[in-house]
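For reference, the chains in residue letters:
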Amino acid sequence: MTTATIAPTSDAPVGEASSVRPAAPHVNFNQITNEQFQEAADHMKLDQEVQLLLRTPYRELIVQIPVRMDNGKLELFHGFRVQHNAVRGPYKGGIRYHHEVDLNEVRSLAALMTWKTALVDVPFGGAKGGVTCDPTQMSRKELQSMTRGFAQKIDMAIGIYRDIPAPDVGTNAQIMAWMMDEYGKKHGYTPAIVTGKPVNLGGSLGRDEATGRGVMIITREACKAFGTDIKNARIAIQGFGNVGSWAARLISNLGAKIVAVSDVQGGIFAEKGLDLDKVFSHLKNTGSVVGTPGTKSVTNEELLTLDVDVLIPAALGGAITEDNVDDVKAKLIIEAANSPVTPYADQRLRSKGVRVVPDILANAGGVTVSYFEWVQNLQQFNWDLDKVNHELELRMVKAWNAVYQRHTDEKIPLRTSAYTVALAKVAEASRQRF
Ligand code: NAD
């Protein structure tokens, strides 16, 4: 069987996230999101009726996707779309292709999207989707067939003012192009149905790098606020896909030393800072960062416990758990991935004085530029890259300031602060509607 050759829109690799199990397969992601929600809801004494509405998703769709594989056999995939809440606007959220995708995980990721969109003040609600599959083991033809099948099955639940999918782990601009094309067969030309499309097909300039750029902005602001000089900061990044690789590139442009990065196959380390050009070129030639000349190998576990100023988990959820939290040495963690820190680990980090900038803030740059893409599609008017980056900068800094202000005023962790800022907006919209 040939390996998928989806054309990436950047140097970032695609889909290889699936070839090993995630860091902590036993983690119950929905429980993580619920606990985080509850802590903030209790802190702000959120109305019980609003809590009731927000604790469970509005709609959950599970679909069957039969695909005739290249070997002639019929394989049955399962796809999910969970729509958590849409009081602030249409549902919005990525599509994940990974062998560990299940309803529980998608539910959790959908709720995170509700808080994330509220936090950066884009007029969307929260949703997420996924298909349980291993895209690295599928041919381009099989992937296309599965994607089109998925798009058909969720057709009744999506729409430009209803629910707008985007890429996530294991999916990319090519997958979005197929989804748009499939939707268009029935509804006519509808570029706003998905974001993260190829620029040539109505995608936005700057969308590919947007999440990594947002991570860079938040890392910069957090370093400033907590007294770390970004120019001399030593940074380790777990995950070198779309988010991790862009974050590495953009943060190193600020002068920081990226001393370690990793992908699913392992990590690399250089005491004086990695030469990222070499890392990208090695990745392009071999499919992994491992073995980049002039670097030492480290395991993913070792990377998380390196003596660095800033640790950026940018792979999958459940990276920092009770098993390794006590070995973490970084004083600042920026959650570029969704749910990389379990609640137990979060409490331990708090007690050790480690600051954790939560996912709903740190990785919100992606959905922010997805919003810009949607706006451009609706208006049929394209923005230039400077405008996209400028608007992203404004929204990310505004969200950071709101979270940091509440963190210092109310002496609460950054995560609780971010949740309360977001929840207040969702709660207000709920009260106004009901
Ligand atoms: P991706 O598929 O492009 O890259 C994932 C990276 O993680 C790859 O380098 C892969 O090799 C690595 N990886 C997978 N399993 C690993 C493991 N067990 N240990 C170490 N590395 C591992 O995905 P992405 O789009 O970069 O997403 C990364 C994270 O960021 C996910 O949690 C995703 O939900 C979150 N996120 C992504 C976006 C976006 O716009 N792409 C937006 C918000 C949040």
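What comes next concerns the included structure. Remember, it's a predicted structure, so these values are computed and weren't measured experimentally.

**Some remarks on the pattern of salt bridges**
Tallied over the entire structure, the rule returns 24 salt bridges. Its salt-bridge partner being Arg-81, residue Asp-163 comes within 2.6 Å of it at the nearest N-O pair. Here Asp-163 is found in strand S5 (residues 163-167), whereas its partner Arg-81 is found in strand S2 (residues 74-85), with 82 residues between them in sequence. Overall, Arg-81 belongs to the buried group, its relative accessible area being 1%. The closest approach of N and O atoms between Arg-220 and Glu-221, which form a salt bridge, is 2.9 Å. Linked by salt bridges that have partners in common, Glu-39, Glu-335, Asp-346, Arg-350, Asp-359 and Arg-415 make up one network.

**Some thoughts on the site of the ligand**
Near the ligand you find 27 residues, and of these Arg-96, Asp-168, Thr-211, Val-264 and Ala-315 are the closest. Within the backbone of Asn-242, a nitrogen or oxygen atom sits 2.9 Å from an oxygen atom of the ligand. Residue Ala-315 places a main-chain N or O atom 2.9 Å away from an oxygen atom belonging to the ligand. Look at the ligand: alone it shows 830 Å² of surface, and the protein chains cover 94% of it. Those elements that place two or more of their residues in the shell around the ligand are helix H6 (207-225) and helix H7 (242-252). In terms of residue class, the shell around the ligand is made up of 12 nonpolar, nine polar and six charged. Of the domains in this structure, domain 1 (45-193) and domain 2 (210-362) are the two that each give at least three residues to the shell around the ligand.

**With respect to the sheet that holds strand S10 (residues 310-313)**
Taken in spatial order, the seven strands make up an open sheet running S9-S8-S7-S6-S10-S11-S12, and their pairing is mixed. The two strands at the open ends of the sheet, each matched to only one other strand, are strand S9 (296-298) and strand S12 (355-357). In this sheet, neighbouring strand axes are inclined to one another by 20° on average, regardless of whether the strands run parallel or antiparallel. Across two bridges, S10 lies against strand S11 (residues 332-334) in parallel orientation. Counted as the bridge partner of Val-310 is Leu-332 from S11. Sheet strands touched by H7: strand S6 (234-238), strand S7 (257-263) and S10. Its angle to S6, the strand with the most contacts, is close to 165°.

**Digging into the sheet that holds S5**
Read from one edge to the other, the open sheet built from five strands follows the order S1-S2-S4-S3-S5, with strand pairing classed as mixed. Of all strands in the sheet, those bounded by a partner on one side alone are strand S1 (59-68) and S5. Within the sheet, the average angular offset between the axes of one strand and its neighbour, ignoring direction, is 20°. Contacts between helix H4 (residues 140-153) and the sheet are confined to S1, S2, strand S3 (91-98) and strand S4 (126-132), with S1 contributing the most and set at about 145° to the helix.

**Some points on the side chain of Ser-262**
Tracing the backbone shows Ser-262 in strand S7. Apart from residues no more than four positions distant in its own chain, Ser-262 is found in contact with Ile-237, Gln-238, Gly-239, Phe-240, Gly-267, Val-289, Asn-300 and Leu-303.

Reading the values: the criteria
Residues numbered from 1 in each chain as written. Predicted model: local features only at pLDDT ≥ 70, side-chain atom pairs only at ≥ 80, totals over all residues. Heavy atoms only, no water. Salt bridge = Lys/Arg side-chain N within 4 Å of Asp/Glu carboxyl O. Helix = DSSP H or I, 4+ residues; strand = E, 2+ residues; numbered from the N terminus. Buried < 20%, exposed > 50% of the residue type's maximum accessible area, 1.4 Å probe, protein only. Near = heavy atom within 4 Å. Polar contact = N/O pair within 3.5 Å; in protein donor to acceptor, adjacent residues only side chain to side chain. Areas by Shrake-Rupley, 256 points an atom, 1.4 Å probe, with all protein chains shown as cover. Nonpolar A, V, L, I, M, F, W, Y, C, P; charged D, E, K, R; others polar. Domains from an automatic or database assignment. Pairing = 2+ DSSP bridges. Axes fitted to C-alpha atoms, helices over the stretch in contact; angles between N-to-C directions. Contact = heavy atoms within 4.5 Å.

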